[in-house]
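Report on the structure
The chain contents come next:
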Amino acid sequence: MQYRKLGRTGVEVSTQCLGAMMFGAVGNPDHDDCERIVHRALDAGINFIDTADMYSAGESEEILGRALKGRRDDVVLASKFFFPLGEERNARGGSRRYIVRAVEDSLRRLGTDRIDLYQIHRRDWDTDLEETLDALTDLVRQGKILYAGSSSFPADQIVEAQWAAERRGGVRFVCEQPQYSIFARSIERAMLPAAQRHGMGVIPWSPLAGGWLTGKYRRGEQPPAGSRFAASDDTAWPGRTVDVDPSAPVRYDAVERLTKIAEGAGLTLTHLALAFVGEHPAVTSTIIGPKTMAQLDDLLAAADLRLDAAVLDAIDEVVAPGTDMAGIDHRAGEPGLFAGNRRRSAASAT
């Protein structure tokens, strides 16, 4: 395992980050097994763990709190806030009122006195960015968090956040957590260059494109039982099957072509996909999200793999740089694209 500085901070993190989204009811409900996964990752050299308060409604944080007892100082611990955890109207978003409440709840569940990297899970378009940054600045001064970061911010908002922090003399986002994979490359156009320009760390999520880049979803075959696209009400995504995804044919084609590229390089498709993300110079650490010990061991085997220029060129022929595979929309949720804010609304279009 290798290590890199997290942006312009003095903190070194492993080039793989253990993502804990699958810990708890959404993925692996066996707390003891999840703890074993955490310990195995730490023993393998991972010193960076990412979770969020909304993962299994706080259960993921509780599992990590137990797993890190006695090893807390060995870990750079990251969590996130934004999504609602209940019905209370103001228990969500990036307001000062919610942030000061959310951090206390996360600290309690994690069993720690500070969160090393506290990230806003999405841009809150209904709250001034200055309000969010001011609240995070106060938390840093109180010692409850050490650094602040963002997740899934578009490039212009990454720049705006840096400017706002400078104007107000507050903490700046030191890290961005974007969606990035062979299937989701649009951030290469502006978001990744913006992060590089401002000295931010980058820790991509979903490097395997929701399991597509493991090769588990194949044309003419049923998705594996327990996978997110299995046709079962027992999964965390009931009724969300591959067959109802209109982009599936294009993805099947890409998987088949990428599998041949991986085989030619002596790699599995999973390892090719992880190595691809790590090759971008803006990327600090790639988030891996195992549900089982077997998955973790497979993902660890891809740590620090490198791809040569010929392999990267072949991948570019499948999904062009700066583009997204069909079905991926990085722009979703941006108010400038809401019907009422566009040049013509859907109702008036002819």
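Residues numbered from 1 in each chain as written. Predicted model: local features only at pLDDT ≥ 70, side-chain atom pairs only at ≥ 80, totals over all residues. Heavy atoms only, no water.

With an unreviewed UniProt entry as reference, the chain is termed Aryl-alcohol dehydrogenase (NADP+), source organism Actinomadura meyerae.

As a further point, take the overall build of the chain. Check the secondary structure of the chain and you find 10 helices and 10 strands. In terms of overall dimensions, the chain is globule-like: its C-alpha atoms have a radius of gyration of 20 Å, near the 20 Å expected for 350 residues. In terms of principal-axis extent, the alpha carbons of the chain reach across some 60 × 55 × 45 Å. Burial status across the chain gives 53% buried among its 350 residues. The contacts in the chain between residues at least 6 apart in sequence include a share of 76% that link residues at least 24 apart. Taking the average location of the 42 positive side-chain charges in the chain and that of its 50 negative ones, the two points are 3 Å from each other. (Helix = DSSP H or I, 4+ residues; strand = E, 2+ residues; numbered from the N terminus. Rg over C-alpha atoms; globule rule 2.2 N^0.38 Å. Buried < 20%, exposed > 50% of the residue type's maximum accessible area, 1.4 Å probe, protein only. Contact = heavy atoms within 4.5 Å. Lys, Arg positive; Asp, Glu negative; His and termini not counted. Charge placed at Lys NZ, Arg CZ, Asp CG, Glu CD.)

Even without glycine at this site, S56 takes up a positive phi of about 50 degrees. Take S56: it is sitting in the loop between β4 (48–50) and α2 (59–67). Residue classification places S56 among the buried residues on the basis of a relative accessible area of 13%. Non-glycine residue A209 carries a positive phi angle of around 50 degrees. On the accessibility criterion, A209 (10% relative accessible area) is buried.

Here the focus is the packing of helix α1 (residues 31–43) against helix α9 (residues 293–300). Where α1 contacts α9, the axes come no closer than 10 Å and their chain directions differ by 20 degrees. As far as their axial angle goes, α9 and α1 are roughly parallel. The interaxial crossing formed by α1 with α9 has right-handed handedness. Every residue of α9 that contacts α1 at R36, I37, R40 and A41 is listed here: M293, L296, D297 and L300. (Axes fitted to C-alpha atoms, helices over the stretch in contact; angles between N-to-C directions. Parallel < 35°, antiparallel > 145°, perpendicular 65-115°, else oblique. Left-handed = near helix turned anticlockwise from the far one by under 90°.)

Moving on: the environment of I315. Looking at the element boundaries, I315 is found in helix α10 (residues 309–318). Remark: the alpha-carbon pair of I315 and Y55, spanning 260 residues in sequence, is separated by 32 Å.

Here we come to the nonpolar core. Grouped together as the largest cluster of nonpolar side chains are 87 residues, with contacts concentrated most on Y118, L136, I182, F183, L258 and L272. In this structure, L258 is in contact with I182, F183, L213, L269, L272, I315 and V318, ignoring residues within four places of it in sequence. Core analysis: the next-biggest nonpolar cluster, separate from the first, contains 11 residues, L6, V76, I203 and I287 among them. (Core = buried A, V, L, I, M, F, W, Y, C linked by side-chain atoms within 4.5 Å.)

Along its 14 residues, helix α4 (residues 129–142) runs 20 Å from first to last C-alpha, staying within 8% of the 20 Å computed at 1.5 Å per residue. Taken together, the buried positions of α4 are occupied by L129, T132, L133, A135, L136, T137 and L139. Buried residues belonging to α4 abut β5 (76–81), α3 (96–110), β6 (115–120), β7 (145–151), α5 (155–168) and β8 (173–177). Positive phi appears at G143, one or two residues downstream of α4, with a value of about 80 degrees. (Expected span 1.5 Å × (residues − 1).)

Residues of α9 that are buried include every one of L296, L299 and L300, and no others. When α9 is viewed along its axis, its buried side chains cluster within an angular range of 100 degrees and face the same direction. (Arc of directions from axis to C-beta.)

So, on to the state of the cysteines. Applying the stated criterion across every chain yields a total of 0 disulfides. This cysteine, C34, is not joined by any disulfide, and C17 carries the nearest cysteine sulfur, 16 Å off. The structure places no disulfide on C175, whose sulfur is separated from the nearest cysteine sulfur, that of C17, by 8.7 Å. On the basis of relative accessibility, which here comes to 0%, the residue C175 falls in the buried class. (Disulfide = S-S within 2.5 Å.)

Moving on: the sheet that holds β4. A sheet is described by the order of its strands in space; here 8 strands give the open sequence β9-β8-β7-β6-β5-β4-β3-β10, paired in parallel fashion. Two strands close off the open sheet at either side, each with one partner strand: β9 (201–202) and β10 (286–288). In this structure, strand β3 (residues 16–19) lies alongside β10, joined through 3 bridges in parallel fashion. Across the sheet, the residue bridging to C17 is I287, located in β10. Sitting on the sheet, α3 touches β5, β6 and β7, and the angle it makes with β6 is about 135 degrees. (Pairing = 2+ DSSP bridges.)

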